[in-house]
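Here is what each chain is made of, one letter per residue.
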Amino acid sequence: MTAADGALERLWIVGAGSVALAFASRLNDSPAIGAIHLSGRQDNPPDHPIFTGASRVTYSVGLTPPDTDPTAVLVAVPDRAIAGVAATLAGFDLQPIPVLHHSGALGREVLEPLRAAGWSTGSLHPLAAIPRGDTGAAGLQGAWFALEANGTARTLAEQIVASVDGRIIDIDEGGKPLYHAAAVFASNYVVTLLATAERLFREAGADEADTRAALAALAAGALNNV
């Protein structure tokens, strides 16, 4: 068995926010996963169903390795914290393993301390809205994922995406800023445009209760045509 083959045996997720919980919750349902450990900043685990009943998910506070060495790492922390996490991980006495971060804007270069230490690095970003950890797992099912990785990190990403019936978009080295800008145009700006259209409808005298439904139907038709 190669390192990539057993990467999901003991998965360490650094972070306990919405994205981390969504991945942990969804992967916990996959038979490919052996065990999942989350590291967070709070003394107690988040109020989430994966920490109750029969679950393979454990939790600890602070950035310290699990009791049993992990076989792969997912870094699911805010963008500003990824570099610091990478530097800390590189200082641990761990065998090099595949590691992915989930930033939509940063490439794998932010994990450089780990790459220099022999780890296989990459970025895997779900092109999906994940509003809350307790409901966000559904957004991962069948989603598209932007991938910038090779080696065992790529294999790890492919295994994760396959476990949620997702699809991969490969991003060139250094291409994440353009990818992120495209995602903002296709998602955030749509919300802004619809909000502006709704205001104009109301100023034109349209019934407030019907405005949003009417515009949503119009926008859905435009998307279908695209």
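The coordinates are above.
A. Fine view of the sheet that holds strand 3 (residues 57–61). With mixed pairing, the eight strands of this open sheet are ordered in space as 3-2-1-4-5-6-7-8. Looking along the sheet, the strands with just one partner apiece sit at the ends: strand 3 and strand 8 (167–170). Neighbour-to-neighbour, the strand axes of the sheet open up by a mean angle of 25°, direction not taken into account. Bridge count for strand 7 (residues 144–149) against strand 8 is four bridges, and the pairing is parallel. Note on strand 8: the bridge partner recorded for Phe-145 is Ile-168.

B. Summary view of the pattern of salt bridges. Summed over the entire model, instances satisfying the criterion amount to eight salt bridges. Among the salt bridges present, the one from Arg-199 reaches Glu-203, with a minimum N-O distance of 3.2 Å. Placement of both Arg-199 and Glu-203 in helix 7 (residues 188–203) is noted, with a separation of four residues, approximately one turn of the helix. Among the residues examined, Arg-199 registers a relative accessible area of 39% and is labelled partly exposed. Under the relative-accessibility criterion, Glu-203 is labelled exposed at 58%. Linked by salt bridges that have partners in common, Arg-154, Glu-158 and Asp-170 make up one network.

C. Seen up close, the environment of His-180. With respect to the helices and strands, the residue His-180 is situated in helix 6 (residues 176–186). You can call His-180 partly exposed: its relative accessible area is 34%. A sequence separation of 53 residues divides His-180 from Leu-127, and the C-alpha atoms of the two residues are 9.7 Å apart. Discounting residues that sit within four places of it in the chain, His-180 has contacts with Gly-104 and Ala-105.

D. Expanded view of the packing of helix 6 against helix 7. Two elements in contact, helix 6 and helix 7, have axes whose closest approach is 3 Å; the angle formed by their N-to-C orientations is 25°. Considering their axes alone, helix 6 and helix 7 lie roughly parallel with respect to each other. Here Ala-183, Val-184, Phe-185 and Ala-186 of helix 6 lie close against helix 7, whose contacting residues are Asn-188, Tyr-189 and Val-190. Split by residue class, the contact of helix 6 with helix 7 holds six nonpolar, one polar and no charged.

Each value, and the rule that gives it
- Residues numbered from 1 in each chain as written.
- Predicted model: local features only at pLDDT ≥ 70, side-chain atom pairs only at ≥ 80, totals over all residues.
- Heavy atoms only, no water.
- Pairing = 2+ DSSP bridges.
- Helix = DSSP H or I, 4+ residues; strand = E, 2+ residues; numbered from the N terminus.
- Axes fitted to C-alpha atoms, helices over the stretch in contact; angles between N-to-C directions.
- Salt bridge = Lys/Arg side-chain N within 4 Å of Asp/Glu carboxyl O.
- Buried < 20%, exposed > 50% of the residue type's maximum accessible area, 1.4 Å probe, protein only.
- Contact = heavy atoms within 4.5 Å.
- Parallel < 35°, antiparallel > 145°, perpendicular 65-115°, else oblique.
- Nonpolar A, V, L, I, M, F, W, Y, C, P; charged D, E, K, R; others polar.

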